[in-house]
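Remarks on the overall topology
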Amino acid sequence: MIKPDGIYPSTCWECSTRCGSLVTLENGHVTKVGPNPEHPGSKGAFCVKGIRALPELTYSPNRIGSPMRRAGARGSGQWDEISWDDALEEMADRLLAVRAEHGPEAIIGAVSSAFFSRGAMVALLMRSLGSPNWMMNQDLCGGCRALSDKVTGLGIVGGEDVENTRCALIVGRNPSAADPVQWMALKRAKKNGAKFIVIDPAQTPAAKLADIWLRPKPGSDAAIALAMINVIIKENLLDSEFVEKWTHGFEDLEKRAADYSPNHAARLSGVSANDIIEAARLYAAGPSCFVSGHGIDAFSNGVQTFRAFHCLVAITGNVDRRGGNLRVKRPRGFRNYIDILHDPRFALPPPVAEKALGADTFPLWAGSKGWQTSVHNPTALDAILTGKPYPVRAMYVSGVNIAVTYPDTRKVMAALRSLDFLAVASHMMTPTSEIADIVLPKTTGLEEEEISLDPSAQIVCYTNPVKTPEGKARSDFEFTTDLARRLETRGIDTRKFFPWKNSEDFNTYLLGDEIDWDLLKRQGWAPFAYEIANFGEAGFKTPSRKIELRSQILDDIGIDPLPAYQTPRAEQTTPSEQKNFPLILITGARERTYHHSRYRDQAWARRISPFPLLQVHPKDATQMALADGDWIAVETLGFEGSCKLKVSVSTETDAGTVRTGMGWWLPEVEGPEKGALDVNVNVALSYGGPWDPVTGSADTRGLPCRITPLPEWEVPMQETV
């Protein structure tokens, strides 16, 4: 339906922050996207990705306008435009051909996560074909935090009440670049007298505002958290009543923390013992809020590191407390996209679900008992390339550029090229879609409808489809359901997994029976009733029905049930390795202009951030005779592969440490890889373990590395773009 001109409240979904927006429509064209100051979650906060990137993505001349079929060799760039009917008919036939030859589990999906509707659509499509296999990116970002929260039983992820806090404990998080809503709230809290404790090896804007800044060796954060627990217990600064009534395993945690005195933690982490003590006292005074990020997530000890901080939240009583970490509330009957995947009505038979790749090794991550029921990505890539434990021969990818975002880029591309069939739904031609057989055009956040929960503001948010789709673009719900119906005509029973008649039916199912639909659409958000600290009524989703400082879930699968420190990879090297790889690489640095691999073709973004940068401390730059703007190659210990980055001499990183972002590729470069084998840091990173024993996450930070100058003829980018 074509909407009349006007200003429409909506929610920006260019990342998971969910900023309230106002979208101006004139003559059917979006002329402005800006913040909604009346939105109770974002309160007028917004970022350039919503203001510039979203409308430019929607109206980009580079946007895919029609379904396409590969006309030449894979990666040749030769395409024929085809109809949606032809595209979906061919997809149905080719997916079923693989299913007939190799079995249903030989088909796999890939998506960013089930946080967005496309995640549920991809997973349900796989299930309708009889496959339990789909891949997501969260083993690289957010997965360790979520699994720690789950096994501890807190239910606080996303519920940071920084607006009312007296002390914000910010760990491995750069909210100024990652989350404008959180950053504005933190600055308001600071203005109102709140104290900041920042634990981060990088000098982020939050670190510059910190009352206590702990600058640890990368990967040593668990030692600091355990030492803070040690101090709080020894000085009796904990919330004894809360611990007694609502936690399980305190005595065991106390014994574990006793091994981590502030002096011992100082030796492990490189920070001052006195600073650890002062941080513990300040946090315990509360109410205090734990604000965490990717910085402690991308390690093979990520879950245990988060467990240490989550136990710190619990013993101080900062759970479901104003100014602390609120538990996630929801309206009566409301379902999110992850809930669908755990609903028995949409489940595969247990013997089939147990075949999910990696479920035998990582049962809390992969398969039916996993967080989002996805697979272990490295195991899936190996299955594609080796046929073990069984063949995987066809893939459907939606809205994710896995050729760029997964580590070991060459291996990922080799796996994609080896498939019998690859279909990709995307906005733009990316290194992933360039090697597909079928490419489908997707709608953007101005053309599609989404419903989401904002746990910090306790509201439901609405993304308004303010305009008709450009070209022949369709939403994930629409074309995935269409494909499912075509599979049904070929004898596949998809109705169980796609029972909804249309998107309105689907969204009504998600919304439940408490939220006023008309109000939600009219103002872009809707409130709901909730209570805090109602632990007796709400309970905790653990075997003990309490917060588990000692996790029975982990114990049952043979994993240490208590939070623990693990020596980081960079400190497990020999003297010879240290000499050859003398620096520590930190990845994942956020940029305001980009969201992971997106918007690399937009001129305004490239003007602001034209090159992939590697921050190098002035001391290290001087020793290596490097200057601002020099191009270098980066290699990591034990892995064959290097990427090319441009030096940025900066005190934001510590001496001995270098820091970069992720997601770089060059849309203007010829060839299917589009520069992803040059400027993408994942070319220099392994996906092969060691892995976190809970999530299967690989170390992508804190890695021993070396950098070497590039000769002029190897520089991948010109100075003007």
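Provided above is the structure to which this section pertains.
Values in this document were obtained by computation on a predicted structure and should not be read as measured data.

Turning our attention to helix H13 (residues 302-315). Spanning 14 residues, H13 covers 20 Å between terminal C-alpha atoms, matching the ideal 20 Å at 1.5 Å per step. Counting buried residues along H13, 14 of its 14 residues qualify, which places the element largely inside the surrounding structure. Two residues or fewer past H13, Gly317 is found with a positive phi of approximately 70°.

Read once around its circumference, the closed barrel built from six strands follows the order E20-E24-E21-E23-E22-E25, with strand pairing classed as mixed. In this sheet, neighbouring strand axes are inclined to one another by 45° on average, regardless of whether the strands run parallel or antiparallel. When strand E21 (residues 613-616) meets strand E23 (residues 642-649), the two strands line up parallel, connected through four bridges. Its bridge partner being in E23, Leu614 is matched across the sheet by Val647.

As a further point, take the pairing of strand E17 (residues 459-463). Side-chain direction in a regular strand flips from residue to residue, so the side chains alternate between the two faces of the sheet. The buried count for E17 comes to five of five residues, which makes it a mostly enclosed element. In the sheet, strand E16 (residues 450-454) pairs with E17 via five bridges, with the strands oriented antiparallel. Bridging across to E17, Glu450 finds its partner in Thr463. Hairpin connection between E16 and E17: a loop of four residues separates the two successive antiparallel strands, and Gln458 in this loop has a positive phi of roughly 55°. Bridging between E17 and strand E18 (residues 525-527) involves three bridges; their strand directions are antiparallel.

With that out of the way, let us pick up the layout of surface pockets. If you roll a probe as big as a water molecule over the atoms, it shows you where there is empty space left. In this model, the second largest pocket occupies a volume close to 570 Å³. Taken together, 26 residues make up the lining of the second largest pocket; nearest its centre are Arg590, Glu591, Gln615, Glu652 and Arg659. Contributing elements (two or more residues each) for the lining of the second largest pocket: helix H5 (175-178), helix H7 (205-208), E21, E23 and strand E24 (657-660). Taken together, the residues that form the lining of the second largest pocket break down as nine nonpolar, ten polar and seven charged.

Turning next to the pairing of strand E8 (residues 167-171). Burial analysis of E8 places five of its five residues in the buried class, the great majority of the element. Side-chain alternation along E8 places Cys167, Leu169 and Val171 on one buried face and Ala168 and Ile170 on a second face that is also buried. In this structure, E8 lies alongside strand E9 (residues 195-199), joined through five bridges in parallel fashion. When the bridges of E9 are listed, Ala168 appears paired with Phe196. Relative to strand E12 (residues 288-292), E8 runs parallel, the two sharing five bridges.

Below, the discussion takes up the pattern of salt bridges. The tally for this structure, following the rule as stated, stands at 43 salt bridges. Its salt-bridge partner being Arg69, residue Glu90 comes within 2.7 Å of it at the nearest N-O pair. Taken together, the positions of Glu90 in helix H2 (residues 84-102) and Arg69 in strand E4 (residues 68-70) put the pair 21 residues apart, joining distant regions of the chain. For Arg69, a relative accessible area of 27% corresponds to the partly exposed category. Close ionic contact of Asp482 with Arg474 constitutes a salt bridge, the shortest N to O distance being 3.1 Å. The two residues Asp482 and Arg474 agree in class, both being buried.

Taken as a whole and assessed by the stated rule, the structure comprises 23 aromatic pairs. With 5.5 Å between their ring centres and 75° between their planes, Phe242 and Phe535 make a pair best called edge-to-face. Here Phe242 is found in helix H9 (residues 240-246), whereas its partner Phe535 is found in helix H22 (residues 535-538), with 293 residues between them in sequence. Of the two residues examined, Phe242 and Phe535, each falls in the buried class. Members of the aromatic cluster, joined through ring pairs, are Tyr337, Phe346, Phe477, Trp500, Phe506 and Tyr509. Taking the ring centre of Phe116 as reference, the NZ or CZ of Arg118 above it sits at 4.5 Å. The cationic tip of Arg335 hangs over the ring face of Tyr509; the distance from NZ or CZ to the ring centre is 4.0 Å.

So, on to the nonpolar core. Most often, soluble globular proteins keep nonpolar side chains buried together rather than apart. Membership of the largest hydrophobic core comes to 156 residues, with the highest contact counts inside it found for Met91, Met395 and Tyr396. Among the elements that take part in this core, helix H8 (residues 221-234) stands out by supplying eleven residues, more than any other. In contact with Met91, not counting residues within four places along its chain, are Tyr396, Phe421, Ala423, Ile438, Leu440 and Leu483.

Below, the discussion takes up the packing of H8 against helix H11 (residues 262-269). To characterise two packed helices, one gives the angle between the axes of the helices and the distance between these axes. One can describe the packing of H8 onto H11 by two numbers: an axis separation of 9 Å at closest approach and a directional angle of 170°. By the criterion of interaxial angle, the relationship of H8 to H11 is roughly antiparallel. Across the interface between the two elements, Ala223, Ile224, Ala227, Asn230 and Val231 of H8 pack against Pro262, Ala265, Leu268 and Ser269 of H11. Taken together, the residues of the contact of H8 with H11 break down into seven nonpolar, two polar and no charged.

This part is about the packing of H8 against helix H10 (residues 250-258). Between H8 and H10, whose axes approach to 8 Å, the crossing angle comes to 115°. With respect to each other, H8 and H10 are oriented roughly perpendicular. For the pair H8 and H10, the crossing hand works out as left-handed. Residues Leu226, Ile229, Asn230 and Ile233 of H8 touch H10, and the partners they reach there are Phe250, Leu253, Glu254, Arg256, Ala257 and Ala258. Taken together, the residues that form the contact of H8 with H10 break down as seven nonpolar, one polar and two charged.

Attention now moves to unusual backbone geometry. In the segment running from Lys388 into Pro389, the intervening peptide bond is cis, with an omega of 5°. As for its position among the elements, Pro389 is in the loop between helix H16 (377-386) and strand E13 (394-398). Unlike most non-glycine residues, Asp320 shows phi in positive territory, near 55°. As for its placement among the helices and strands, Asp320 is situated in the loop between H13 and helix H14 (337-342). Judged by relative accessible area, which is 2%, Asp320 ranks as buried. Phi at Gln458 is positive, roughly 55°, even though this residue is not glycine. In this structure, Gln458 sits in the loop between E16 and E17.

Criteria and cut-off values
Once a new chain begins, its residue numbering starts again from 1 and follows that chain's sequence as written. For this predicted model, a pLDDT threshold of at least 70 governs which residues receive local features, and a threshold of 80 or more governs which side-chain atom pairs are given and counted, while totals over whole chains, interfaces and linings are taken from all residues. Hydrogens are left out, water is left out, and the side-chain values use all remaining heavy atoms of the structure. Runs of E in the DSSP output that reach at least two residues are strands. Runs of H or I that reach at least four are helices, and both are numbered from the N terminus. Expected span of a helix, by definition, is 1.5 Å for each gap between consecutive residues, and there is one gap fewer than residues. A simple rule labels every residue: compare its accessible area, found with a 1.4 Å probe on the protein chains alone, to the largest value its type can have, and call it buried under 20%, exposed over 50%, or partly exposed in between. What makes two strands pair is DSSP finding at least two bridges between them. The convention used is that axes are lines fitted to C-alpha atoms, helices contributing only their stretch in contact, and that angles between N-to-C directions extend from 0 to 180 degrees. Of the two site types, the cavity is a set of points on a 1 Å grid over the protein atoms alone where a 1.4 Å probe fits but cannot get out, and the pocket is an open set with protein on both sides within 12 Å along at least five of seven lines, each lined by residues with an atom within 4 Å of a point. Grid points are joined across faces, edges and corners, and a volume is the space filled by probe spheres set on the points. Gly falls in the polar group here, along with every residue not listed as nonpolar (Ala, Val, Leu, Ile, Met, Phe, Trp, Tyr, Cys, Pro) or charged (Asp, Glu, Lys, Arg). Salt bridge, as applied in this entry: a Lys or Arg side-chain nitrogen positioned within 4 Å of an Asp or Glu carboxyl oxygen. In this analysis, rings of Phe, Tyr and Trp, with Trp reduced to its six-membered ring, are considered paired at centre separations within 6.5 Å, and the interplanar angle assigns stacked below 30 degrees, edge-to-face beyond 60, and tilted for intermediate values. Definition used: whenever NZ (Lys) or CZ (Arg) falls within 6 Å of the ring centre and also within 35 degrees of the ring normal, the charge is taken to sit over that ring. The set of buried Ala, Val, Leu, Ile, Met, Phe, Trp, Tyr and Cys residues whose side-chain atoms join them within 4.5 Å is what this entry labels a nonpolar core. We call two residues in contact when some of their heavy atoms are within 4.5 Å. These descriptions rest on fixed angle ranges, namely under 35 degrees for roughly parallel, over 145 for roughly antiparallel, 65 to 115 for roughly perpendicular, and the rest for oblique. Here is the rule for handedness: rotate from the far helix to the near one, and if that takes an anticlockwise turn smaller than a right angle the crossing is left-handed, while a clockwise turn gives right-handed.

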